[in-house]
Amino acid sequence: MDPDEIIATDQEALKRAFPVRAQPVKGCSHKVVCPMCETTGYIPIKGAGHDVKCHNPDCLVPIFTAPAIEKKEVATEPESSGLPVWMYGAIAGVVIALGIGGYFLFFNKPPINDADKPIAIIPPKNGTDPSDKVEKVPVPDEDSGVKAPPVVNLPRLAADLASAARRVPRTRKPFARRWSAEAAARMGKVNEANGQLRKLEEVGRTVYFLKVPPLAEIGWQQRQEKADDAEVAATLEEALQAASTLRPQGRFRYDAAMSLASLLVATNRDQEALDLIRQHHTSSMTGRAAADVFVAMQATDFDFARATEAAPIGGWHAPQFSGMIAALVARGESDAALRWAKLADSPEKLAEATMVWADFLVQSATIAELPDQLAAIDAAIKNISPAGRALVRGRTALALLKREQAETADVWAAAARAELAGIPVPPPMELKNKKEIIHFRTPELGEIRTAVRATAELARLEIALGNTEAGIDAVERGLQLCRAMGPAPAVVQGWLNEINQLGMSVIEARIKSELSLPSNDLARQQAADYVRNCKVLKEMADKRFELQVATIEAAIAPTSLEAVVAFITDKEKIPANEAYDDTAISWMLVEQFLASGENDRAKQIHNQMAKDSKSNAWQLPQIRNLIADGEIEDAADQINRLSGTADQRDHAVHRLLSRLVRQGDWKSALTIAHLLSDAGLSEEALLLVSAQASTMGHGVEILKFADQLQPQYTEKVSIYTGILLGSTVKKPASPNPPVPPEGADAAAANL
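For the structure given in this document, a descriptive report is provided here.

Cut-offs applied
- Residues numbered from 1 in each chain as written.
- Predicted model: local features only at pLDDT ≥ 70, side-chain atom pairs only at ≥ 80, totals over all residues.
- Heavy atoms only, no water.
- Helix = DSSP H or I, 4+ residues; strand = E, 2+ residues; numbered from the N terminus.
- Buried < 20%, exposed > 50% of the residue type's maximum accessible area, 1.4 Å probe, protein only.
- Areas by Shrake-Rupley, 256 points an atom, 1.4 Å probe, with all protein chains shown as cover.
- Expected span 1.5 Å × (residues − 1).
- Contact = heavy atoms within 4.5 Å.
- Core = buried A, V, L, I, M, F, W, Y, C linked by side-chain atoms within 4.5 Å.
- Patch = residues over 30% accessible without salt bridge, like charges linked within 9 Å, V, L, I, M, F, W, Y side chains within 5 Å.
- Salt bridge = Lys/Arg side-chain N within 4 Å of Asp/Glu carboxyl O.
- Lys, Arg positive; Asp, Glu negative; His and termini not counted.
- Charge placed at Lys NZ, Arg CZ, Asp CG, Glu CD.
- Pairing = 2+ DSSP bridges.
- Phe/Tyr/Trp six-rings, centres within 6.5 Å; stacked < 30°, edge-to-face > 60°.
- Lys NZ or Arg CZ within 6 Å of the ring centre and 35° of its normal.

**Describing the overall build of the chain**
When you go through the chain residue by residue, the secondary structure sums to 33 helices and five strands. Counting over 751 residues, the chain shows a buried share of 54%. Carbon and sulfur atoms provide 53% of the accessible area of the chain, an area that totals close to 34400 Å².

**Comments concerning helix H30 (residues 666–675)**
Counting buried residues in H30 gives eight out of 10 residues, a clear majority hidden from the surface. Taken residue by residue, H30 has Trp666, Ser668, Ala669, Leu670, Thr671, Ile672, Ala673 and His674 as its buried positions.

**Section: helix H33 (residues 713–727)**
Between its terminal C-alpha atoms H33 stretches 21 Å, which fits the 21 Å expected from 15 residues at 1.5 Å a residue. Of all 15 residues making up H33, 12 are buried, and the element is well covered by its neighbours. Along H33, the residues classified as buried are Thr714, Glu715, Val717, Ser718, Ile719, Tyr720, Thr721, Gly722, Ile723, Leu724, Leu725 and Gly726. Check the buried side of H33 and you find it contacts helix H3 (154–167), helix H4 (173–186), helix H10 (285–298), H30, helix H31 (679–694) and helix H32 (699–709).

**Things to note about the nonpolar core**
Counting 175 residues, the largest nonpolar core has Trp357 and Tyr530 as its most contacted members. Among the elements that line this core, the one with the most residues is helix H14 (residues 347–364), at 10 residues. If near-sequence neighbours (up to four positions away) are discounted, Trp357 is found in contact with Ile325, Val329, Ser334, Ala337, Leu338, Ala376, Ile377 and Ala380. By size, the runner-up hydrophobic cluster in this structure holds 28 residues, among which are Ala474, Met588, Ile605 and Met609.

**Describing a negative patch on the surface**
There is a patch of like negative charges on the surface, built from Glu225, Asp228, Asp229 and Glu231. Within the secondary structure, Asp228 is located in the loop between helix H6 (212–224) and helix H7 (229–243).

**Overview of the side chain of Ser322**
In this structure, Ser322 sits in helix H12 (residues 319–330). You can call Ser322 buried: its relative accessible area is 0%. Contacts of Ser322, omitting those with residues within four sequence positions, involve Trp316, Lys349, Glu352, Ala353 and Val356.

**What about the sheet that holds strand E4 (residues 51–53)?**
Here three strands make up an open sheet; going across it, the order is E1-E4-E5 and the pairing mixed. Looking at the sheet topology across the chains shown, the edges are occupied by strand E1 (18–19) and strand E5 (63–65). Note: E4 against E5, three bridges, orientation antiparallel. Bridge pairing in E5 places Lys53 opposite Ile63.

**Looking at the pattern of salt bridges**
Per the stated rule, a full pass over the model turns up 41 salt bridges. Arg269 is the salt-bridge partner of Glu237, the closest N and O atoms lying 2.6 Å from each other. Taken together, the positions of Glu237 in helix H7 and Arg269 in the loop between helix H8 (252–266) and helix H9 (270–279) put the pair 32 residues apart, joining distant regions of the chain. The exposure class assigned to Glu237 is partly exposed, which follows from its relative accessible area of 39%. One salt bridge in this structure joins Glu348 and Arg449, with 2.8 Å as the shortest N-O distance. Pair noted here: Glu348 is in helix H14 and Arg449 is in helix H19 (residues 446–464), with a separation of 101 residues, a long-range link. By relative accessible area, which is 7% here, Glu348 ends up buried.

**Some points on the environment of Asp275**
Secondary-structure assignment places Asp275 in helix H9. For Asp275, a relative accessible area of 40% corresponds to the partly exposed category. Separated by 14 residues in sequence, Asp275 and Ala261 have C-alpha atoms that sit 9.0 Å apart.

**Brief notes about the packing of aromatic side chains**
Under the criterion given, the structure shown has four aromatic pairs. Centroid distance Phe209 to Phe252: 5.6 Å. Interplanar angle 70°. Geometry classified as edge-to-face. With Phe209 in the loop between helix H5 (190–201) and H6 and Phe252 in helix H8, the pair connects residues that are 43 residues apart, well separated along the chain. You can call Phe209 buried: its relative accessible area is 4%. Ring plane angle 25° and centroid distance 4.7 Å describe the contact between Phe321 and Trp340, whose orientation is recorded as stacked. In this pair, Phe321 sits in helix H12 while Trp340 sits in helix H13 (residues 334–341), placing the two residues 19 residues apart along the sequence. For Trp340, a relative accessible area of 0% corresponds to the buried category. Between the NZ or CZ atom of Arg393 and the centre of the ring of Trp412, over which it lies, the distance is 5.4 Å.

Laid out in structure tokens, this is it:
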């Protein structure tokens, strides 16, 4: 056993390691991130470059070396040139003058804060839009003399990956082994993949969970090579054993569970797949981000932005269950994917899963296959709810439109309209007094949510078809449906403010009086129910508003900007307690007007809607402007300071970088990924960017460009893995759809 493969936590190391604090304090404010569990903490400056101990009690490898603080090189004294003394004085004077000027130009740059928000509406300095920054890749043509891009030497790169994996810090070796194994499996090198897994096992059972995705990939390769059923079964059993050690923290558990469950479904082991997904699922932002990364890795050629478009508008309802569908269809297992969708335990989940199945079925079919696939979709949705049918029909119509099948798309759009017309709009949820709040019970809202998502899909579809007025009507209907999902957020916040300001004793007295209660004990009990239900209603109100914002965003396109502005500023249609100005919508409109060349209109919208916004949605437009201006380091610095949770930030960053790659600016994307301060996010971003760009034929260029970044070995593992994974994509199933309009990220990200 190779000693450098062992993760050591001996007592001597524990004694001499600097303890990492959970919060910054005086004398202990240097930020570090544990490379094993990715927990953030703070150490003294003198601890940089030395062993430190993670404060997370559940960390498997708490001892790690904190990155050293880079010291600026001191310029050496130049050799004598024999110049006269007076010339030295003149040169010194010029240098000092330039230095002072440079200081005021560079270091006197004002810090970025809320007062700087208007920068987001300033067009790029070069007068171009970010979407114009496209690298022209020569496409080989039999009749032309254009040469194809150079091809990566995959065997040599695989050897370089193995070499880099051996040189990463000991705490990151297991992760490097995981990626080495997965890349080898994707390339069909099953023996090499198994060899990497055996090295991973030498570390110990504490990292067995990392084996799950590579083993799932090995199983897929074995099926592709028509291996013996017993051989595939043995791989599955080993993967299931490894899955039993999955840790309850972080996103990895969801990615691993989806990888393995997909293979289980393909091999007709549906119950085991269900058990695994039930154990590892969440509809939180963590689960949504995990599903989007999984879909990007498995089904959309590593294009994260395109993967986010697989989810229904407003974000996933059942991310792990539904995200698997995309991978199964992409693997050629469409029948297994539909069988899995039918195992959904609720109408809402069934509708979402069937929508993803239909979407990827249309995307992957040839034109000749489309009639049969559409017939299969029509048959599959007969027994789902009316709102579910509308959702599937609307998404199918949009997929057909992307395939330039406009006439067929019109037919499916008409069917979606008919389905939605038959769904009545329920009355708004209004609770008029404390008694109604106390006795409130959460209703089943799945069918209403599905109807809202279907209406949002229809709004986006109508705009794409050129039916702007019909699109805005669909948005209005969607907002009305949302109002049945909960009270307005401002109303519920008023109740909570009253509780905080008056205190429980006053609330109890008022409830006793209003409800004519006979005792203080009963009033106390009713007051507790009132507070609990106010908190439940606040969560419902926030989800309602999030879906309302997503519905409006779905209708924003270059052809509908004025119509959207007119709608959301119409006081007769939008209640005063729905403040859409203070959301990502206003900044999305500003960016769209700028992209259309309407700078004056963009400034008007900024001053009218976005200027006084308290939303953090201004951050992403500002970052995009910095990138367009070539200020990559400043853009990376702003990304490192993005507000929101880690999952919200990761989601926004992956989407931003993916769009850059799709626009051809993979160099900026790779540079930003390299400059990210969060090591885990940086490594994941480097892998995704490298993989996505490699599918476009940039593998050799990435290798050359990456050398200029002087990556560490952990970063090399990510870049090399990404190139290897991207280079295995022979040919996209269908042409990449056009880049959708830039704007603030999905409402689910809420940045």
